[in-house]
Amino acid sequence: MKKIGAITTVILVYSAIVFYLGWCVFIWLDAFLSVNRWIFFSGWTVMAYALLIARIDHRFRVFHIIGSYWMIIMQYGIILFPIATIATWIMPDQLIVIGSIVFFLFVMSIIIGTYNAYTPVIRELSITLPKKDAKLTNLKVVVASDFHLGLLSNKAHLQRFVKKSNEERPDVVLLVGDLVDDDPIWFVKKGMSEVMKQLTSTYGNYGVLGNHEYYGKKIPLLVEEMEASNVKMLLDETIVVADSFYLTGREDLTNKERKQLSDLAPTVHNLPWFVMDHTPSNLVIPEKEGTNFHVSGHTHRGQMWPNHLFTRKLFELDYGYKQKGSLHAIVSSGFGFWGPPIRLGSQSELWSVNIKLEDVGV
């Protein structure tokens, strides 16, 4: 009963917000256009619940796109519309002007946000790790996460990643979870495997699962597609790469049965230890266990301002690079995006990390 009550409350609150936002838009439009309220609110309701409609069947993909953009209206409508309402109470004769300013801000947010989402950048970093018994003295590692490959983070966007990554001539590519947007169906149907196969590196491309792969509940298909795309998926396992470092790929935190990091630790610490873990939930444990290089994603750096204020509170490191004792950690904002193809306060990215392996004290 408590669950039903909670769901009912959420639906009522959400519907009230939807009605308020719709009423604001209708009043503004009706000030200079003749708008049929029944047609308007019917369309408004469809937009508000488009993501739910899209889940009925994959053929309703247009509703997925509509619903994704609806998230922008919700995100910034909740911020801007109350301000506009108060301004209209103070200056009722300026309704059209105030509404037009809000509309302009939405348009600019979409333009700038789209540019940031589809124009990825390369973040460069140089670090030094203990060489121990490693055969190599230098490594270039490309790190990327949160592709959310699907309808909007699409084949063309994946091609951008492959091109930029290959231009870096990496020794290793690490893909740190949320490779697809829940269901890998569009990865399969749009032939994205053919693009991923073009990804090159000296010692291999490796990936882990993120929370969205678990939401999609088609992990075996995803793993099969990635393996066929020349990406080795590591599911709670540790391997040796190029006789130069251990590489651990952890199951995502969503999997309550995932192994402890201590269970995945190398039995002999004679090489540097790299760990891929999609969610940067805890840096204390990797540091304690002796991890040298730890890479994550998940946070998107909030993706749309001001969400970064929340991710900053939730995680010790929600974005960027941090050295914690002997641990070097990176959290990427992601190459793709979740929901709308919009990034404000963040930008799509990959990391190019130059790692020097040298003996301590030399």
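Source: prediction; values computed, not measured.

Chemist: Describe the overall build of the chain, with residues and values.
Modeler: Helices and strands together make up the secondary structure of the chain, namely 13 helices and 12 strands. Here the chain has a C-alpha radius of gyration of 23 Å; the compact-globule value for 362 residues is 21 Å, and the two agree. Principal axes of the C-alpha set define a box for the chain whose edges measure 75 × 45 × 40 Å. Counting the 362 residues in the chain, one finds 51% classified as buried.

Chemist: I'd love a proper account of the environment of Pro120, names of residues and values included.
Modeler: Relative to the assigned elements, Pro120 resides in the loop between α5 (95-118) and β1 (121-130). As a C-alpha pair, Pro120 and Leu139 span 19 residues in sequence and 23 Å in three-dimensional space. Once residues lying within four places of it in the same chain are set aside, the contact partners of Pro120 are His157, Arg160, Lys164, Phe335, Ser348 and Glu349.

Chemist: Talk me through the side chain of Thr248; I want residue IDs and the actual numbers.
Modeler: With respect to the secondary-structure elements, Thr248 resides in strand β7 (residues 245-249). Within the local environment of Thr248, its side chain forms a polar contact with the side chain of Trp273, the two groups lying 2.8 Å apart.

Chemist: Report on the pairing of strand β3 (residues 172-176), specifying residues and quantitative values.
Modeler: Two faces make up the sheet, and in a regular strand the side chains alternate between them. Within β3, five of the five residues are buried, which leaves it mostly tucked inside the rest of the structure. Residues Val172, Leu174 and Val176 line one face of β3 and the alternating positions Val173 and Leu175 line the opposite face, and both faces are buried. Inspection of the sheet shows strand β2 (residues 138-144) paired to β3 by four bridges, in the parallel sense. Following the sheet pairing, Val143 is matched in β3 by Leu174. In this fold, β2 hands off to helix α6 (residues 155-167), which returns the chain to β3; that crossover is right-handed.

The rules behind these values
The written sequence of each chain sets the order in which its residues are numbered from 1. Predicted model: local features are reported for residues with pLDDT of at least 70 only, side-chain atom pairs are reported and counted for 80 or more only, and whole-chain, interface and lining totals are derived from all residues. As a convention, hydrogens and water are excluded, and side-chain values are obtained from all of the structure's heavy atoms. In DSSP terms, a helix is any run of H or I states spanning at least four residues, a strand is any run of E spanning at least two, and both are numbered starting from the N terminus. Only C-alpha atoms enter the radius of gyration; for comparison, a globular chain is expected to reach 2.2 Å times N to the power 0.38, where N is the number of residues. Residue exposure (1.4 Å probe, protein chains only): buried if accessible area is under 20% of the type maximum, exposed if over 50%, otherwise partly exposed. Note on definitions: a residue-residue contact is assigned when non-hydrogen atoms from the two residues lie within 4.5 Å. By the criterion applied in these results, polar contacts are pairs of N or O atoms within 3.5 Å in which, for protein atoms, one can donate a hydrogen and the other can accept it, and in which residues neighboring in sequence qualify only through two side-chain atoms. A pair of strands is considered paired only if DSSP assigns at least 2 bridges between the two. A clockwise course of the path from the first strand over the helix to the second, judged with the strands pointing away from the viewer, identifies a crossover as right-handed.

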